[in-house]
Amino acid sequence: MTAGIRDAAHAVEAATVMRLLPTRPRLLALGEPTHGEEPLLDVRNALFRQLVEQEEAYRTIAIESDCVAGLLVDDYVTSGAGTLDEVMDHGFSHRWGAFPGNRELVRWMRAYNDGRPAAEQLRFAGFDGPLEITHAASPRQALTALHAYLATGADADLLPCTAATLDRLLGADERWTDPAAMMDPSESVGRTPEAARLRLIADDLVALLDAQTPQLRAASSPEDWARARLYGRTATGLLRYHDAMADASPSRMARLLAVRDSMMAANLLALAERGPALVNAHNSHLQRARSTVRMGGQPVRWWSAGAIVSAHLGRDYAFLATAVGTIRHQGVDTPPPDTVEGLLYALPQERCLVDARRLAATATPPARVSPWFGYAPLDPTHLADIDGIVFVRDARRS
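Residues numbered from 1 in each chain as written. Predicted model: local features only at pLDDT ≥ 70, side-chain atom pairs only at ≥ 80, totals over all residues. Heavy atoms only, no water.

Identification of the protein as Erythromycin esterase homolog from Micromonospora coxensis is taken from an unreviewed UniProt entry.

This is the structure:
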C-alpha cells in the first residue's frame, strides 16, 4: 500500500493542486488539524503566494477570524491604513494576530500591493463571526453600521427605527459579552424583549438593503455595498447566536455550532461572488462530511461551513485537508503505522500532497487517537469527501 501512496505523493505546489482537481475552484479550502503551528502556516503562506503568482485569478485569502475585525487588515494591505502592529493586535480574533505566520502573511500582502492598481491588489478577509470560545460580541457595531449606511442612501421613511432606538435597545455591550452566558443560558440576554425587538429590526434592515439594491448601489461604491451586506449578515447571525446562548434545551450546543458555521458559510459564499479565494480554517469547519464533537460525554453533530458551501457551489468548492505526523512539543508522537497519518509518515517527503480519494480506494485504515485535545486526526471514513491531503511530517516548534 505504501508504494501506491508513494506514487501518488507530490510536492505541495499550486500547479500540483490544480492538476489534482477537475476544475479551478472559486473557493480552494485548506484545512488544518490544529491551530497555531507555524509549519502549517508556512505551508499556507507558500501556497497562497504560488496561487497569486501562477494562478492569476486568486487574489483573496480568507481565514478563520472575525469578519468585521478583518476589515482593518484588508484596509491595511490595500491602502496602508494603520500600522502592521495595530492590525495584528486588532484585526484578528482568537489571538491569531500573535502568530508569526499570520504576521508574515499580512506583511507580504502589503508589500505585494504597494504601487499596484486596485484591480490587481490582494485582499484579506476574516470569515468567522465575531465569536470567541468564552463569549460572543455585541451586535452593536454591525447593526449601527448597517443602519448608518441605509440612513444615508435609502428612503428615510422606510427605516424601521432611529439610531437612538437602536442604542436604547442594545444597552450596555457588557450585557452581551458576559462570559457567564456561555456556560449558563439564564445569564444570556439573547431572549430578552429587547433582543427579540432587535432581531425584527435587523431583519427589516436587511430586507430594506435588498429591496433598495438599485438605489443603494448607484449611490455608493461597490466596497461600501459589500460591507453593508457583511454588516447585515453579521447582525442577524449574532442575534441568532445570542438567542441560541439563551437556549436551555439539550440541543443548545448543536445550535450554537450550527449558527457559527452557517455564518461562516454565508461569508464564504459572498467572497465567492468576488472571485477565486484561498480559504484557511480548521478541517472541521471546511470538510464536506458532517462534523461531530463530544461534549459532556455526548456526541454533538452539525453541518460545517464547508459542507454548506459545497452544497451550493459543487465543483467550485475544493477541500484540501492537512494532516500531521508529529507535534512532539504537544505530546503527539510518531503515528501508528496503520493509520492514515502513519501511512503518510512512511513516505520520505517532509511535506507532500496526496490524492485522498486514491488513498480511500486502497483501504479504510483505523482512526488515530490524539493524546492532545488541541489536535484532531483525520477521520478515515471521510477520505472519499476530501479532494487532497496536505501532509506535514513533523510540526516542529519554531
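The structure having been displayed, the exposition proceeds.
Asker: When you look at helix H8 (residues 163-170) in this model, what are you seeing that I'm missing?
Answerer: Counting along an α-helix, one turn takes 3.6 residues, and residues three or four places apart therefore face a common direction. Among the residues making up H8, those that are buried are Thr165, Leu166, Leu169 and Leu170. For H8, the arc enclosing every buried residue in end-on projection is 130 degrees, short of the 170-degree limit, so these residues lie on one face. Those residues of H8 that are exposed and angled more than 90 degrees off the buried face are Ala164 and Arg168. Elements that come into contact with the buried residues of H8 comprise helix H7 (140-153), helix H9 (173-177) and helix H11 (193-211). Backbone geometry just downstream of H8 places glycine 171 in the positive-phi region, at approximately 65 degrees. (Buried < 20%, exposed > 50% of the residue type's maximum accessible area, 1.4 Å probe, protein only. Helix = DSSP H or I, 4+ residues; strand = E, 2+ residues; numbered from the N terminus. Arc of directions from axis to C-beta. Contact = heavy atoms within 4.5 Å.)

Asker: Hey, could you run me through the sheet that holds strand E5 (residues 277-282) in this one?
Answerer: Strand pairs in the sheet, formed through backbone hydrogen bonds, run parallel or antiparallel to each other. Within the open sheet, the eight strands sit side by side as E1-E9-E10-E8-E2-E5-E3-E4. Their pairing is mixed. Two strands bound the open sheet, and with one partner strand each, they are strand E1 (9-10) and strand E4 (123-128). Both strand E8 (residues 317-326) and strand E10 (residues 388-394) contribute to a ladder of six bridges, which runs parallel. Within E10, the residue paired with threonine 322 across the bridge is valine 390. (Pairing = 2+ DSSP bridges.)

Asker: In this structure, what is going on with the nonpolar core? I would like to understand it.
Answerer: The nonpolar side chains of a soluble globular protein tend to be buried with one another. Grouped together as the largest cluster of nonpolar side chains are 45 residues, with contacts concentrated most on Leu28, Phe48, Val106, Met109 and Phe124. Looking at which element gives the most residues to this core, the answer is helix H3 (residues 38-54), with seven residues. With near-sequence residues (within four places) excluded, phenylalanine 124 lies in contact with Ile61, Ile63, Gly70, Val73, Asp74, Val77, Phe92, Leu105 and Met109. By size, the runner-up hydrophobic cluster in this structure holds 36 residues, among which are Phe127, Leu344, Val354 and Leu359. (Core = buried A, V, L, I, M, F, W, Y, C linked by side-chain atoms within 4.5 Å.)

Asker: Honestly, the packing of H7 against H11 in this entry has me stumped. Any pointers?
Answerer: Angle between the axes and distance between the axes are the two parameters that describe a pair of packed helices. Interhelical geometry of H7 versus H11 gives an angle of 40 degrees and a closest axis separation of 11 Å. In terms of orientation, H7 lies oblique with respect to H11. The way H7 lies across H11 gives a crossing that is left-handed. In this structure, H7 uses Leu143, Leu146, His147, Tyr149 and Leu150 to contact H11, whose residues at the interface are Leu198, Ala202, Leu205, Val206, Leu208 and Leu209. (Axes fitted to C-alpha atoms, helices over the stretch in contact; angles between N-to-C directions. Parallel < 35°, antiparallel > 145°, perpendicular 65-115°, else oblique. Left-handed = near helix turned anticlockwise from the far one by under 90°.)

Asker: Would you mind showing me how to read the side chain of aspartate 66 here?
Answerer: Mapped onto the fold, aspartate 66 is located in strand E3 (residues 60-66). Buried charged residue aspartate 66 carries no salt bridge. Nearest counter-charge: arginine 260, at 11 Å. Here alanine 69 takes part through its backbone nitrogen, which lies 3.2 Å from a polar atom of the side chain of aspartate 66. Leaving out residues up to four positions away in the same chain, aspartate 66 has contacts with Ser93, Gly126, Asp128, Gly129 and Pro130. (Lys, Arg positive; Asp, Glu negative; His and termini not counted. Salt bridge = Lys/Arg side-chain N within 4 Å of Asp/Glu carboxyl O. Polar contact = N/O pair within 3.5 Å; in protein donor to acceptor, adjacent residues only side chain to side chain.)

Asker: Would you explain H11 in this entry?
Answerer: With 19 residues, H11 extends 27 Å from end C-alpha to end C-alpha; this agrees with the ideal 27 Å at 1.5 Å per step. All of the buried residues along H11 are Ala195, Leu198, Ile201, Ala202, Leu205, Leu208 and Leu209. Seen from one end, H11 has its buried residues packed into an arc of 135 degrees, which puts them on one side. Residues of H11 that are exposed and point over 90 degrees away from its buried face: Pro193, Leu200, Asp210 and Ala211. Buried-residue contacts for H11 involve H7, H8, H9, helix H12 (213-219) and helix H13 (222-245). (Expected span 1.5 Å × (residues − 1).)

Asker: What is the right way to look at the packing of aromatic side chains in this model?
Answerer: Working definition: an aromatic ring pair is given by the centre-to-centre distance plus the angle between the planes. For the coordinates displayed, the defined rule picks out five aromatic pairs. Ring geometry for phenylalanine 48 against tryptophan 108: centres 6.1 Å apart, planes inclined by 80 degrees, an arrangement best described as edge-to-face. In this pair, phenylalanine 48 sits in helix H3 while tryptophan 108 sits in helix H6 (residues 100-113), placing the two residues 60 residues apart along the sequence. Across this residue pair, the class does not change: phenylalanine 48 and tryptophan 108 are buried. (Phe/Tyr/Trp six-rings, centres within 6.5 Å; stacked < 30°, edge-to-face > 60°.)

Asker: Just checking my understanding: could you explain the pairing of strand E2 (residues 27-32) for this structure?
Answerer: Along a regular strand, successive side chains alternate from one face of the sheet to the other. With six of its six residues buried, E2 lies for the most part within the structure. The alternating pattern of E2 places Leu27, Ala29 and Gly31 and Leu28, Leu30 and Glu32 on opposite faces, both of which are buried. By the bridge criterion, six bridges tie E2 to E5 in an arrangement that is parallel. Opposite leucine 28, over in E5, you have leucine 278 as the bridge partner.

Asker: Honestly, unusual backbone geometry in this entry has me stumped. Any pointers?
Answerer: Excluding glycine, most residues fall at negative phi; most peptide bonds, likewise, are trans. Backbone geometry at histidine 94 places phi at a positive 55 degrees, although glycine is not the residue there. Mapped onto the fold, histidine 94 is located in the loop between helix H5 (84-90) and H6. We note that arginine 95 has phi near 65 degrees; this positive angle belongs to a residue other than glycine. Positionally, arginine 95 belongs in the loop between H5 and H6.

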